[in-house]
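A closer look at the structure
Each chain, written out:
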Amino acid sequence: MKYKARIIFILIIILCITSKTYVSAAIMKQAVDSDGTVTYYVSNKEDRFLAFHSMFARMEVRSKIIYTNKYIGDPNNFYDYINYRYSFQDNVIGAFNGIGNFSGTGFYNDNNTFIYEFYYYETPEQSNYVYHQIRDAIKNNISNLKSDYQKAYFAYNWVLDNTKTDYSMSNYSAYSGIAGEGTVCQGYSTLYAAIAKELGLDCQIIFGGVNGSSTNHAWNAIKLDGKWYCIDSTWGDTESRDKYFLVTKDVLSSREYGYHISDMYEEYNKAGEIFATENYNTAAASSSNYVMPSVYNIIMDVFKYNKLDIGEGYSFMVSNPDHIPISFKSDNPNIARVNADGIITGVSKGTTTISGYNDTMQFSQSCVITVSDKKNDTKLSKDTIKLKKADSFKLKVSNALNHSKFTWSSSNVSVAKVSKSGTVTGVSTGSCVITCTVTNGTSNVVLKCKVTIK
């Protein structure tokens with residue numbers, strides 16, 4: 001399989017940005033141009049990572065990043081995105097290496113502005129079709145998935161049993177692989193990663209080469225019992241099936257295995273990840289019988305790592321259309337608590353883990369919450385004001401989160417009106433309430449001021 005552009009991304013479409021009452025992870029300023037190009041204004045690496053993820057999750061065709069400080073990274077360096085994955089992306093469930101794969105290029109525009117353009121190998125409808133197939137397969141076999149090894153092997157066999165090889169080398173998607181047209185190694189590896197992640201496993205795609213080439217193949221690395229092992233479902237589908245399952249990277253790079261070589265391994269090492277030195281020992285398989293809630297059409301927040309302020313809330317559960325019972329718990333409610341609806345609230349400075357689960361249906365998902373000691377005391381400069389007709393007073397908002405938007409309204413514009421900037425003007429005798437809604441991403445704070453006009 002050849003790289004189709006200077007930068008290759010393999011991602012999964014699991015969450016569109018939804019409108020909720022509570023904040024979800026870090027928020028950045030965004031804008032949409034007349035041609036539909038989304039612009040992200042970033043000031044640090046975490047903002048940049050979030051911008052990348054938003055591009056992928058929304059299946060944006062053309063996106064723009066403007067660095068409000070100095071430029072960070074190299075848009076034409078593939079390893080810039082590998083570093084992105086290790087710095088932040090591994091804390092995103094399923095957002096890397098999944099069904100909705102695409103290729104893209106990034107290029108410098110002017111000053112601190114960069115443009116990114118993408119081409120997608122699948123439509124959302126095709127991705128949904130694949131997900132429907134693999135989720136049904138998991139539900140129908142969940143009683144046999146008692147360990148991470150069993151999950152990894154189930155995913156491997158399912159891919160081999162349901163995927164057709166495209167010898168014309170023209171189809172790159174998982175959908176084409178299971179829909180009859182066939183697919184190349186990219187489709188095999190993305191499909192395996194997708195089903196492995198639905199099973200709650202940590203799985204990535206390895207780009208590299210075989211038989212002397214450096215960029216003509218893709219396979220998987222999967223983490224079991226704290227160590228990474230290699231899987232090549234493409235070659236397993238054309239040669240000896242189990243030969244390419246859970247072997248070390250050194251074994252896979254040997255002559256007998258076709259010299260699977262990749263520079264990406266070094267990035268794993270830099271990130272502190274450990275590759276196994278011996279092929280997987282099935283006798284050492286540990287018990288792990290939980291899968292992701294997405295198998296049951298339940299979507300939890302895509303981010304596994306979230307930062308909150310004291311008193312700030314965040315909704316862990318995005319959607320549960322079938323109203324399946326979910327229990328939530330916090331490992332330390334003194335740092336962050338969670339209610340029965342999955343609303344997480346920062347309590348005190350520190351880090352804890354929040355989980356959503358159903359033991360009967362065997363699904364579970366967790367996220368790490370770090371709470372800072374900054375209190376979110378967003379408030380108006382006045383709770384009550386008195387004015388005469390035609391007089392004006394400007395209300396101000398203090399302690400709002402960065403990049404917040406302010407929406408002002410009056411409960412009775414015949415008594416007092418308010419401008420877009422918060423200036424209140426008396427109109428006629430009486431009383432009314434001026435409301436300011438402070439919005440930051442999915443976080444809303446409603447502030448009120450009683451106004452009396454004499």
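First, a word on what this report is: a plain description of the structure on this page. (Residues numbered from 1 in each chain as written. Predicted model: local features only at pLDDT ≥ 70, side-chain atom pairs only at ≥ 80, totals over all residues. Heavy atoms only, no water.)

1. Observations regarding the overall build of the chain
For the record, the criterion: Per the convention used, a helix needs a DSSP run of H or I reaching at least four residues, while a strand needs a run of E reaching at least two, with both numbered from the N terminus. For every residue, the accessible area obtained with a 1.4 Å probe (protein chains only) is divided by the maximum for its type, and the residue is called buried under 20%, exposed over 50%, and partly exposed between those limits. The method behind every accessible area is Shrake-Rupley, applied with a 1.4 Å probe, and residues are considered shielded solely by the protein chains displayed.
Scanning the chain from terminus to terminus reveals nine helices and 28 strands. Within the chain, the proportion of its 454 residues that are buried is 53%. Working note: accessible area of the chain is about 19900 Å², and carbon and sulfur atoms make up 47% of it.

2. Let's talk about helix α4 (residues 148-162)
Stated formally: An expected span of 1.5 Å times one less than the residue number is assigned to each helix. In this description, contact between two residues means that some pair of their heavy atoms is separated by no more than 4.5 Å.
Taking 1.5 Å of rise per residue, the 15 residues of α4 would be expected to cover 21 Å, and the 21 Å separating its terminal C-alpha atoms lies within 8% of that figure. The buried fraction of α4 is high, at eleven of 15 residues. Residues of α4 that are buried include every one of Asp 148, Tyr 149, Lys 151, Ala 152, Phe 154, Ala 155, Tyr 156, Asn 157, Trp 158, Val 159 and Leu 160, and no others. Packed against the buried residues of α4 are α3 (124-141), α6 (185-198), β8 (217-224), β9 (227-231), α7 (233-236) and β10 (245-247).

3. So, the packing of aromatic side chains
The condition that has to hold: A pair of aromatic rings is counted whenever rings of Phe, Tyr or Trp (Trp by its six-membered ring) have centres within 6.5 Å, and the orientation is called stacked for planes under 30 degrees apart, edge-to-face for over 60 and tilted otherwise.
All chains considered together, the criterion is met by 15 aromatic pairs. Taking the centre distance of 5.2 Å and the plane angle of 80° together, the rings of Tyr 265 and Phe 275 count as edge-to-face. Of this pair, Tyr 265 sits in helix α9 (residues 264-270) while Phe 275 is found in the loop between α9 and β11 (299-300), placing the two residues ten residues apart along the sequence. According to the relative accessible area criterion, Tyr 265 is buried, its value standing at 9%. Ring centres of Tyr 296 and Phe 363 lie 5.6 Å apart, and the angle between their planes is 45°; on these two criteria the pair is classed as tilted.

4. As for the nonpolar core
The line we're drawing: For our purposes a nonpolar core is just a set of buried Ala, Val, Leu, Ile, Met, Phe, Trp, Tyr and Cys residues, chained together by side-chain atoms within 4.5 Å.
Within the largest apolar cluster, 76 residues are counted, with the highest numbers of intra-cluster contacts made by Tyr 192, Ile 195, Leu 199, Ile 222, Leu 246, Ile 344 and Ile 369. Sequence-distant contacts of Ile 344, that is, excluding residues within four places in its chain, are made with Leu 308, Glu 312, Gly 313, Tyr 314, Phe 316, Ala 336, Arg 337, Val 338, Ile 354, Cys 367 and Ile 369. Core analysis: the second largest hydrophobic core is formed by 17 residues, Ala 416, Cys 436, Leu 447 and Val 451 among them.

5. Here's the deal with α6
Between the first and last C-alpha of α6 there are 20 Å, a value that for 14 residues agrees with the 20 Å anticipated at 1.5 Å per step. Within α6, 14 of the 14 residues are buried, which leaves it mostly tucked inside the rest of the structure. Looking one or two residues past α6, Gly 200 carries a phi angle of roughly 85°, positive in sign.

6. Examining unusual backbone geometry
In the Ramachandran plot, Asn 211 falls in the positive-phi region, its phi being about 55° despite a non-glycine side chain. Positionally, Asn 211 belongs in the loop between β7 (202-208) and β8. For Asn 297, which is not a glycine, the phi torsion comes out positive at approximately 65°. Tracing the sequence through the fold places Asn 297 in the loop between α9 and β11. For Asn 297, a relative accessible area of 39% puts it in the partly exposed group.

7. What about the packing of α3 against α6?
Counted only if it meets this: For helices, the axis comes from a line fit to the C-alpha atoms of the stretch in contact; other axes are also lines fit to C-alpha atoms, and the angle between any two N-to-C directions lies between 0 and 180 degrees. Working rule for angles: under 35 degrees goes down as roughly parallel, over 145 as roughly antiparallel, 65 to 115 as roughly perpendicular, anything else as oblique. Should the near helix be turned counterclockwise from the far one by less than a right angle, the crossing is left-handed, whereas a clockwise turn marks it as right-handed. Note on residue categories: nonpolar means Ala, Val, Leu, Ile, Met, Phe, Trp, Tyr, Cys or Pro, charged means Asp, Glu, Lys or Arg, and polar means any other residue, Gly included.
Contact geometry for α3 and α6: axes closest at 10 Å, N-to-C directions at 45°. Compared by their axis directions, α3 and α6 come out oblique. Seen along the crossing, α3 lies across α6 with a hand that is right-handed. Contact with α3, carried on its side by Val 130, Tyr 131, Ile 134, Arg 135 and Ile 138, involves Leu 191, Ala 194, Ile 195 and Glu 198 of α6 and no other residues of that element. In terms of residue class, the contact of α3 with α6 is built from seven nonpolar, no polar and two charged.

8. Considerations on the pattern of salt bridges
To keep things clear, this is the line we draw: Salt bridges are counted wherever a side-chain nitrogen of Lys or Arg sits within 4 Å of a carboxyl oxygen of Asp or Glu.
Counting across every chain of the model gives six salt bridges. One salt bridge in this structure joins Asp 136 and Lys 139, with 3.7 Å as the shortest N-O distance. Pair noted here: Asp 136 and Lys 139 are both in helix α3, with a separation of three residues, about one helical turn. A relative accessible area of 27% places Asp 136 in the partly exposed class. In this structure Lys 139 comes out as partly exposed when scored by relative accessible area, which is 35%. Between Glu 273 and Lys 223 there is a salt bridge, and its shortest N-O distance comes to 3.1 Å. Residue Glu 273 is located in the loop between α9 and β11, and its partner Lys 223 is located in strand β8; the two are separated by 50 residues in the primary sequence. On the basis of relative accessibility, which here comes to 27%, the residue Lys 223 falls in the partly exposed class.

9. Let's talk about the sheet that holds β7
The criterion, for reference: Two strands qualify as a pair provided DSSP detects at least 2 bridges between them.
Within the open sheet, the four strands sit side by side as β7-β8-β9-β10. Their pairing is antiparallel. Edge strands, defined here as strands with exactly one partner in the open sheet, are β7 and β10. Strand-to-strand twist in this sheet, taken as the mean axis angle between neighbours without regard to direction, amounts to 40°. Inspection of the sheet shows β8 paired to β9 by five bridges, in the antiparallel sense. Across the sheet, the residue bridging to Ile 222 is Tyr 229, located in β9.

10. Observations concerning the environment of Thr 429
Note on placement: Thr 429 falls in the loop between β26 (423-426) and β27 (430-440). Since its relative accessible area comes to 58%, Thr 429 is described here as exposed. Spatially, the C-alpha atom of Thr 429 lies 8.9 Å from that of Ser 414, the residues being 15 residues apart in sequence.

11. Examining the packing of α4 against α6
Following both chains from N to C, one finds α4 and α6 inclined at 140°, their axes separated by 9 Å at the closest point. In terms of their interaxial angle, α4 and α6 are classed as oblique. The element α4 and its partner α6 pack so that their crossing is right-handed. Where α4 abuts α6, its residues Ala 152, Phe 154, Ala 155, Tyr 156, Trp 158 and Val 159 lie against Tyr 188, Leu 191, Tyr 192, Ile 195 and Ala 196. When its residues are assigned to classes, the contact of α4 with α6 shows eleven nonpolar, no polar and no charged.

Function-wise, these values are silent; they only describe arrangement.
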